[in-house]
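Residue-level structure breakdown
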Amino acid sequence: MQPIEFIDPWYYSTAYYIFFLFVCWFTTIYYLGSNGQKLLYSEGSPAQGAAVFLTILVSFFLGLRQLSRDFGDTISYGRRYEYGYTLNELVPFNFKTEWFWTDLQVICKSILGMNVHEFFVLCALVFFGGMLICSLILTRKNLWLSMLFFFMAFQTFTFCVNGIRNGMACSIVLIAVAMIARDKKLSFGPLILMFLALGIHRSTMLPSAAVITSAYFIKDTKYALRFWLLSIVISLVAGPAVEAFFASLGFDDRMSGYHNAQFDESEASKFSSTGFRWDFLLHSTFPVILIWFVTKHRRFTDSEFRIIANTNLL
């Protein structure tokens, strides 16, 4: 496969968001005036097949992007895949490394003979495929709307073209979260998925631990809400100490870099902002307000929602 060249890399994200702006606009027009019937009884509608087709289409569109600095770490991942001399043989499992990510590249490059663009298409298919499978498990009746939420989420585009490894790992964990929420327990399937995700990006240990805790130990969302509020207070009072603790756990090398940037001006230049991130807090507050409103004001007690909500809060 060859990269898409008729769109300049600088305008790639613009084309992506304009396309989905029109898709969301037409979707809104379709559902207006339906009195909710199209939402309640959409299982088996053409929109479900369209959601699968759109997922594949977007995966190829983003996967076949050019190797350009306009896509952040794409160029670094691409060069390592093309010229990485260490990608010649499989590496054994090692809890301290992202062994599965290395092995995946070895399989694709040395065994299957995939070029870098085909490899990125595979990464995009895993990334968006995880969202699709998660939606099929939890919201099959409204697959189209669920996928639109995923496509237009704040970090979806960036996760696919920049934080490639992290995006893939998180999508795999999404499937595990959906399976645990549906079954109300941890089974062999989700455990394997979380294990593989950990082999791609170690930071997925946090959401994996959160969903297990939500399924077995936290039965009331009010405790997770209190924990979320308490974590803000702790971060304000003892932020550096908390950062040092999590950085020492080795989830992500960039976490250590962020912590060091608090005290080193040369390191700080690598980040858009350091210190307490009020912007991150503001961004994360909106789903928290939604969770509080649904569980406390509307008295919604669905167990699937409880597990997902508590996982997000933790």
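Refer to the structure printed above.
What you are looking at is a predicted structure, and each value in this text was computed from that prediction instead of being measured.

1. Here's the deal with the overall build of the protein chain
Scanning the protein chain from N- to C-terminus turns up 16 helices and zero strands. On the protein chain, roughly 17600 Å² of surface is accessible, and the fraction owed to carbon and sulfur atoms is 66%.

2. Examining the packing of aromatic side chains
Counting across every chain of the model gives 22 aromatic pairs. With 5.3 Å between their ring centres and 55 degrees between their planes, Y16 and F157 make a pair best called tilted. One end of the pair, Y16, is in helix α1 (residues 12-31); the other, F157, is in helix α8 (residues 156-161), and 141 residues separate them in sequence. When its relative accessible area of 2% is taken as the criterion, Y16 is described as buried.

3. Details of the pattern of salt bridges
Going through the model one piece at a time under the given rule, you end up with five salt bridges. Its salt-bridge partner being R165, residue E98 comes within 3.4 Å of it at the nearest N-O pair. Note that E98 is positioned in the loop between α4 (74-83) and α5 (99-111) and R165 in helix α9 (residues 164-183), a separation of 67 residues in sequence. Like R165, E98 is buried. Within this structure, E98, R165 and R202 form a network of salt bridges that share partners.

4. Section: the packing of α4 against helix α6 (residues 116-138)
Contact geometry for α4 and α6: axes closest at 10 Å, N-to-C directions at 120 degrees. Judged by the angle between their axes, α4 and α6 are oblique. Here α4 runs over α6; the crossing is right-handed. Contact residues: α4 offers T74, Y77, G78, Y81 and E82, while α6 offers V116, F119 and F120.

5. Describing helix α3 (residues 46-63)
Here α3 is 18 residues long and its end C-alpha atoms lie 26 Å apart, about the 26 Å a rise of 1.5 Å per residue gives. Along α3, the positions that sit buried rather than exposed are Q48, A51, L54, T55, V58, S59, F61, L62 and G63. Looking at the buried residues of α3, the elements they touch are α1, α6, α7 (143-151) and α8.

6. Points about the nonpolar core
Formed by 30 residues in total, the largest nonpolar core has its most connected members in L62, F128 and F151. Of all the elements in the fold, those that place two or more residues in this core are α1, α3, α6, α7 and α8. The biggest single contributor to this core is α6, with seven residues. Residue contacts for F151: discarding those within four places in its chain leaves Y16, F20, L54, T55, V58, F128 and T156.

7. What to know about helix α11 (residues 205-216)
The end-to-end C-alpha distance of α11, which contains twelve residues, comes to 17 Å, matching closely the 16 Å that a straight helix rising 1.5 Å per residue would cover. Every buried residue of α11 is listed here: S208, A210, V211, S214 and A215. Summarising the axial view, the buried residues of α11 lie within an arc of 160 degrees, below the 170-degree limit, and thus occupy one face. Where α11 is buried, its residues meet α9, α10 (188-200) and α16 (303-313).

8. Description of the environment of T158
In this structure, T158 sits in helix α8. In this structure T158 comes out as partly exposed when scored by relative accessible area, which is 38%. The spatial distance from the C-alpha of T158 to the C-alpha of D73 is 9.8 Å, given a sequence separation of 85 residues.

9. Section: unusual backbone geometry
In this structure, K184 takes a positive phi of about 65 degrees despite not being glycine. Tracing the chain through its elements places K184 in the loop between α9 and α10. The residue R299 is not glycine, and still its phi comes out positive at about 60 degrees. One can find R299 in the loop between α15 (278-297) and α16.

10. Things to note about the packing of α5 against α6
Put simply, α5 and α6 touch, their axes get as near as 11 Å, and they point 130 degrees apart. As judged from the angle between their axes, α5 and α6 are oblique. Where α5 crosses over α6, the two elements pack in a sense that is right-handed. From α5, W101, L104, Q105 and C108 reach across to α6, where they touch F119, L122 and C123. Grouping the amino acids of the contact of α5 with α6 by side-chain chemistry returns six nonpolar, one polar and no charged.

Basis of the calculations
Residues numbered from 1 in each chain as written. Predicted model: local features only at pLDDT ≥ 70, side-chain atom pairs only at ≥ 80, totals over all residues. Heavy atoms only, no water. Helix = DSSP H or I, 4+ residues; strand = E, 2+ residues; numbered from the N terminus. Areas by Shrake-Rupley, 256 points an atom, 1.4 Å probe, with all protein chains shown as cover. Phe/Tyr/Trp six-rings, centres within 6.5 Å; stacked < 30°, edge-to-face > 60°. Buried < 20%, exposed > 50% of the residue type's maximum accessible area, 1.4 Å probe, protein only. Salt bridge = Lys/Arg side-chain N within 4 Å of Asp/Glu carboxyl O. Axes fitted to C-alpha atoms, helices over the stretch in contact; angles between N-to-C directions. Parallel < 35°, antiparallel > 145°, perpendicular 65-115°, else oblique. Left-handed = near helix turned anticlockwise from the far one by under 90°. Contact = heavy atoms within 4.5 Å. Expected span 1.5 Å × (residues − 1). Core = buried A, V, L, I, M, F, W, Y, C linked by side-chain atoms within 4.5 Å. Arc of directions from axis to C-beta. Nonpolar A, V, L, I, M, F, W, Y, C, P; charged D, E, K, R; others polar.

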